[in-house]
Amino acid sequence: AKSAGKGRYHFYHPNLSESLITRLSREHAVRHAVENDEFVVYFQPRYGVQSGRMSSMEALVRWQHPERGLLYPGEFIDVAEDTGLIVRLGELVIEKVCAQLAAWKRMGLHVSPVSVNVSPHQLKVGNVSSYLAACLRRHDVEARLVEVELTESAVIDQSRGVIRELQELRELGVKLMVDDFGTGHSSLAQLHRLDVDVLKVDKAFTDALTSGTEGQVLFQAIVSMASALDMCVVAEGVETPEQLSMLRKLNCDEVQGFLFSPAVPGDAVAALMARPAL
Ligand code: C2E
Ligand code: CA
Ligand code: CA
Ligand code: CA
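Parameters and conventions
- Residues numbered from 1 in each chain as written.
- Chains lettered and ligands numbered in written order.
- Predicted model: local features only at pLDDT ≥ 70, side-chain atom pairs only at ≥ 80, totals over all residues.
- Heavy atoms only, no water.
- Phe/Tyr/Trp six-rings, centres within 6.5 Å; stacked < 30°, edge-to-face > 60°.
- Helix = DSSP H or I, 4+ residues; strand = E, 2+ residues; numbered from the N terminus.
- Buried < 20%, exposed > 50% of the residue type's maximum accessible area, 1.4 Å probe, protein only.
- Axes fitted to C-alpha atoms, helices over the stretch in contact; angles between N-to-C directions.
- Parallel < 35°, antiparallel > 145°, perpendicular 65-115°, else oblique.
- Contact = heavy atoms within 4.5 Å.
- Nonpolar A, V, L, I, M, F, W, Y, C, P; charged D, E, K, R; others polar.
- Donors = N, O, S within 2.8 Å, 3.2 Å for Na, K, Ca; no water.
- Salt bridge = Lys/Arg side-chain N within 4 Å of Asp/Glu carboxyl O.
- Near = heavy atom within 4 Å.
- Polar contact = N/O pair within 3.5 Å; in protein donor to acceptor, adjacent residues only side chain to side chain.
- Areas by Shrake-Rupley, 256 points an atom, 1.4 Å probe, with all protein chains shown as cover.
- 1 Å grid on protein atoms, 1.4 Å probe; cavity = no way out; pocket = protein on both sides within 12 Å on 5 of 7 lines; lining within 4 Å.
- Sits in = over half its atoms within 2 Å of the grid points.
- Expected span 1.5 Å × (residues − 1).
- Arc of directions from axis to C-beta.

Caption draft 1: Focus on the packing of aromatic side chains. Counted under the stated rule, the structure contains 5 aromatic pairs. On the basis of an interplanar angle of 40° and a centroid distance of 5.5 Å, the ring pair of Phe39 and Trp63 is categorised as tilted. With Phe39 in strand β1 (residues 39–48) and Trp63 in strand β2 (residues 54–65), this pair connects stretches of sequence that are 24 residues apart. We note that Phe39, like Trp63, is buried. Taking 5.5 Å as the distance between ring centres and 50° as the angle between the ring planes, the aromatic pair formed by Tyr47 and Phe260 counts as tilted. Separated by 213 residues along the polypeptide, Tyr47 in strand β1 and Phe260 in the loop between β9 (254–255) and β10 (264–265) bring together distant segments of the chain. Each member of the pair Tyr47 and Phe260 is classed as buried. Of the aromatic side chains, those joined through ring pairs into one cluster are Phe39, Trp63 and Phe76.

Written out as structure tokens, the structure reads:
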């Protein structure tokens, strides 16, 4: 409740739960941050297991909060999703990624493709491909330098808008990746029909690699089915040399995780590129 001198007033309604009030203030804060341009994009590299070289990167959004410092998506993505603010936030991320790609090119760096996380809500709204196409044009960046990461449930959504959006993204020439693979209910056959290029296998499967043969058998099955269907496999959340050597044995294509690097600001990427990786 707030007091304003003599004419005191209360804006708490007795039926408004505390959680609703919390939600509203979190929504307000995220909206303000979007308008105030407080979001920044960090980049986490992925490496080819065979080549040992950086193959691509993932764009991960952070909130540079004026008082609280750097905040991770766990603190704001759910609010953004629930309120539809994710659409505007997603556009900001796409814009910043394209601007960064153009900056790296100007610096003469050998630029790797960057994947962008696209939430189910954004895919439903259906402006991702047109927004991305406009940004690519404006910054003079090739479509092959941008990839999109989608959740299983979003990709197998059979609604007409989503099907059209996926079609438009493919026509634009961006790769489609399925994020957190193995945690949803899609089948590899479905994903193959939808022209998915890359499976990002969830960290849970990476963790299971070194806790018994069952985890290895599962991962092996994913790799062999994916390669039979011409899809690439990325292992997420690789943290130990044991996991890496197991993934090498299983012929996994690419790896990403804290063993190699966390997500770093755009201006720290040049140093990562110069460093021999695996
Ligand atoms: P995600 O897409 O599965 O991203 C991977 C998350 O795992 C990232 O967390 C990354 O920092 C973290 N990670 C990477 N390697 C390791 C590792 O070796 N060990 C562990 N424990 N974690 C690792 P982050 O950046 O906090 O992002 C969390 C989630 O927020 C992402 O999960 C993604 O779903 C969402 N997100 C991030 N950026 C965006 C965005 O721009 N748009 C949308 N819609 N969602 C985003
Ligand atoms: Ca992701
Ligand atoms: Ca569209
Ligand atoms: Ca993931």
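Next, the rest of the story.
Caption draft 2: Region of the structure containing the packing of helix α5 (residues 128–139) against helix α7 (residues 160–172). It is the contact of α5 with α7, at a shortest axis distance of 8 Å, that shows an interaxial angle of 25°. On the basis of the axis angle, α5 is roughly parallel to α7. Of the residues in α7, those in contact with Val128, Ser129, Leu132, Ala133 and Leu136 of α5 are Glu165, Glu168, Leu169 and Leu172. Looking at the contact of α5 with α7 residue by residue, the classes come out as 6 nonpolar, 1 polar and 2 charged.

Caption draft 3: Structural detail: the coordination of the calcium ion (ligand 4). Surrounding the calcium ion (ligand 4) are the protein donor atoms Asp179 (OD), Asp180 (OD), Glu236 (OE) and Glu236 (OE), which sit 2.2 to 2.5 Å from the metal. Taken in chain order, the donor set of the calcium ion (ligand 4) reads D-D-x55-E.

Caption draft 4: Looking closely at the coordination of the calcium ion (ligand 2). Only Glu58 (OE), Asn117 (OD1), Glu149 (OE) and Asp179 (OD) from the protein coordinate the calcium ion (ligand 2), and they sit 2.2 to 2.3 Å from it. All donor residues of the calcium ion (ligand 2) come from one chain, and their arrangement in sequence is E-x58-N-x31-E-x29-D. Metal-to-metal, the separation of the calcium ion (ligand 2) and the calcium ion (ligand 4) is 4.0 Å; Asp179 coordinates the two. You can see Glu149 sitting in strand β5 (residues 146–151) and its partner Asp179 sitting in strand β6 (residues 175–181), a full 30 residues away along the chain. No difference in accessibility class separates Glu149 from Asp179, as the two residues are buried.

Caption draft 5: Expanded view of the pattern of salt bridges. Scanning the model with the defined rule gives 19 salt bridges in all. With a closest N to O distance of 3.0 Å, Lys200 and Glu58 form a salt bridge. Separated by 142 residues along the polypeptide, Lys200 in strand β7 (residues 198–201) and Glu58 in strand β2 bring together distant segments of the chain. What makes Glu58 buried here is its relative accessible area of 5%.

Caption draft 6: Region of the structure containing the environment of Ser56. If you trace the backbone, Ser56 turns up in strand β2. Sequence separation between Ser56 and Pro45 is 11 residues, and the spatial gap between their C-alpha atoms is 5.9 Å. Apart from residues no more than four positions distant in its own chain, Ser56 is found in contact with Gln44, Pro45, Arg46, Ser112, Pro113, Glu147 and Glu254.

Caption draft 7: Main features of the site of ligand 1. Close to ligand 1 lie 22 residues; Gln44, Arg62, Asp179, Glu239 and Phe258 are nearest. Asp179 is positioned such that a nitrogen or oxygen atom in its side chain is 2.9 Å from an oxygen atom of ligand 1. Within the side chain of Glu239, an N or O atom sits 2.6 Å from a nitrogen atom of ligand 1. Relative to its unbound accessible area of 800 Å², ligand 1 is 76% covered by the protein chains. Using a 2 Å cut-off from the grid points, one finds that ligand 1 occupies the largest pocket. Contributing elements (two or more residues each) for the shell around ligand 1: β2, α3 (85–106) and β6. When residues in the shell around ligand 1 are grouped by element, the largest group, 4 residues, is from β2. Partitioning the shell around ligand 1 into residue classes produces 9 nonpolar, 6 polar and 7 charged.

Caption draft 8: Quick peek at helix α10 (residues 213–228). With 16 residues, α10 ought to run about 22 Å at 1.5 Å a step, and its terminal C-alpha atoms sit 22 Å apart, in line with that. Buried within α10 we find Gly215, Phe219, Ile222, Val223 and Ala226. Taken end-on, α10 shows its buried residues confined to a sector of 95°, consistent with a single buried face. In α10, the exposed positions angled more than 90 degrees off the buried face are occupied by Thr213, Glu214, Val217 and Ala228.

Note that all results are geometric; they support no functional claim without further evidence.
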